[in-house]
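# Residue-level structure breakdown
Take a look at the letters that make up each chain.
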Amino acid sequence: MIKTLVFVAGLVILGLASCKKKDVPQVDFAGEMRQFVIEISANAKAVNPEFLIIPQNGVELVTNSTEEDTDIATDYLAAIDGYGQEDLFYGYKRDDRPTPEIETNRLLHYLRLLEDNDIEVLVTDYCKTTDYMDDSYVRSLANNFIGFAAPERNLSVIPTYPETIYAENAEDVSTLSQAKNFLYLINKAKEYSDKGQFIDAVNATNYDLIIMDRDFGGEQFTAAEIESLKQKKNGGARLVIAYMSIGEAEDYRSYWKKEWEKKKTEPSWLYDENRKWRGNYKVFYWMPEWKAYIYGNEEAYLTSLLNLGFDGAYLDIIDAYEFYEEM
C-alpha cells in the first residue's frame, strides 16, 4: 500500500513537472509596458500624426515609481492622447455595485495627474441601475472626465438608458478634447446578424466617439465602412477608435495559429490562458516577437488600423505588468 502511494505521488509530481509553466524573465515589467506604448505611439504617429493613442487601465504607469507620487513619467504622457479607466465609480468588485471609496480615491489621484497634463480621461463604469448610471455620469463630469455607463461588461449593447445620450452634442468632433460622450461597443450583439446591421445601429446614435472592434465575427470592417461610422445621426462628425489588446493575445485574431495551443509548438512569448477570459492568453509583451504582431510591419495589427482609417487605438491590458509583478 505504501509503495502504491509513493508510486502515485511520484506520478503526480511528474505530471505537475510536465505541466510547469515556462519561466518568466525578470524585467522591469512596468517600464517595459510604458516603453511598448511609447513605441506603438511613435509608429502610428509617423504615419498619421493625428492618430490617437488611448491606453486603458494600469494608470499607475503615469508616475515613474507606479506609486502615489508626482514623479511624472513624461515620455509616457507625451506618447498618449487620452486614458481609459474602468470601474472608477461602479463595478470594481462586482458589476452594478459602487467601487470602494478607497479604490476610487486612489485611482482619482492618477487620473487627476493626467487631467493636469492635458490628457483626456474616459471612464467606463459597469452598472445597470439607473440611479447608479446617473451618478456615474455626474461624477465623471464633475471631474472633467468623459463618462460611459455600460449596462453589461461584455460591451455588446448600445444602452437604452438614458433615452437621450448624456451630454449629447450636435457639434463636429475632430479632437478628443471636443468629445463629451462615448460609446464602448466591442462585441457584436445577437441582434446584429452582419456588419450592416451593426453599422446601422451605431449610425442611429449621436455619440461623439465610438470605441469598437476592428472585426465583426472574424471579418474586418472595410475602410469605407469605418468612414461611414464617422457621422452622428444629427449630422455632426465623430471619432472612431479601434480596440487593440497589447497585453494579451486573442485566439480569434487573424494572427493566431491553432498549433500554438499545444505546449510544444507555442511561441516563446506566449505564456498562459487567462482563466477569467477564455481565448485570451498572457504574453511576454516586452519580447520583439510579440511586438511584431502589434506594430512595425505591413502585417501588424496597428498597420491594419491605420490603413482602415481609424482615428486612433484604444490599448487594452496595459495592466498586464501587474500580473507578472504579483507572481
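Here the structure is a predicted model, which is why all the values come from computation and not from measurement. (Residues numbered from 1 in each chain as written. Predicted model: local features only at pLDDT ≥ 70, side-chain atom pairs only at ≥ 80, totals over all residues. Heavy atoms only, no water.)

### What to know about the overall build of the chain
- Helix and strand content of the chain: ten helices and 13 strands.
- Over its C-alpha trace the chain gives a radius of gyration of 21 Å, about what one expects of a compact globule, namely 20 Å for 327 residues.
- Taken along the three principal axes of its C-alpha coordinates, the chain extends 75 × 45 × 40 Å.
- A total of 327 residues make up the chain; the buried ones form 53% of that total. (Helix = DSSP H or I, 4+ residues; strand = E, 2+ residues; numbered from the N terminus. Rg over C-alpha atoms; globule rule 2.2 N^0.38 Å. Buried < 20%, exposed > 50% of the residue type's maximum accessible area, 1.4 Å probe, protein only.)

### Some words on helix α9 (residues 301-308)
- Judged by how many residues are buried, α9 sits mostly within the fold: seven of eight residues are covered.
- Among all positions of α9, only Y301, L302, T303, S304, L305, L306 and L308 are buried.
- Directly after α9, the chain includes G309, whose backbone phi takes a positive value near 90°.

### Here we look at unusual backbone geometry
- Geometrically, the link from Y161 to P162 is a cis peptide bond, its omega value of -5° lying close to zero.
- Looking at where P162 falls in the secondary structure, it is placed in the loop between β4 (146-150) and β5 (183-185).
- Phi angles above zero are rare outside glycine, and N57 is one such case at about 65°.
- In this structure, N57 sits in the loop between β1 (52-55) and α3 (74-79).
- By relative accessible area, N57 is classed as buried at 10%.
- Positioned with a positive phi, A167 is a non-glycine residue whose angle comes to about 60°.
- Inspection of the secondary structure puts A167 in the loop between β4 and β5.
- With relative accessibility at 31%, the residue A167 sits in the partly exposed group.

### Here's the deal with the sheet that holds strand β12 (residues 280-283)
- Pairing is antiparallel in the open sheet, where three strands are placed in the order β10-β12-β11. Every other strand in the sheet has two partners, leaving β10 (248-250) and β11 (270-273) as the edge strands with one partner each. Adjacent strand axes in the sheet meet at a mean angle of 35°, parallel and antiparallel pairs treated alike.
- Judged from the three bridges that link them, β10 and β12 form a sheet pairing that is antiparallel. Across the sheet, the residue bridging to A249 is Y281, located in β12. (Pairing = 2+ DSSP bridges. Axes fitted to C-alpha atoms, helices over the stretch in contact; angles between N-to-C directions.)

Remember that the coordinates give geometry; whether it matters functionally is a separate question.
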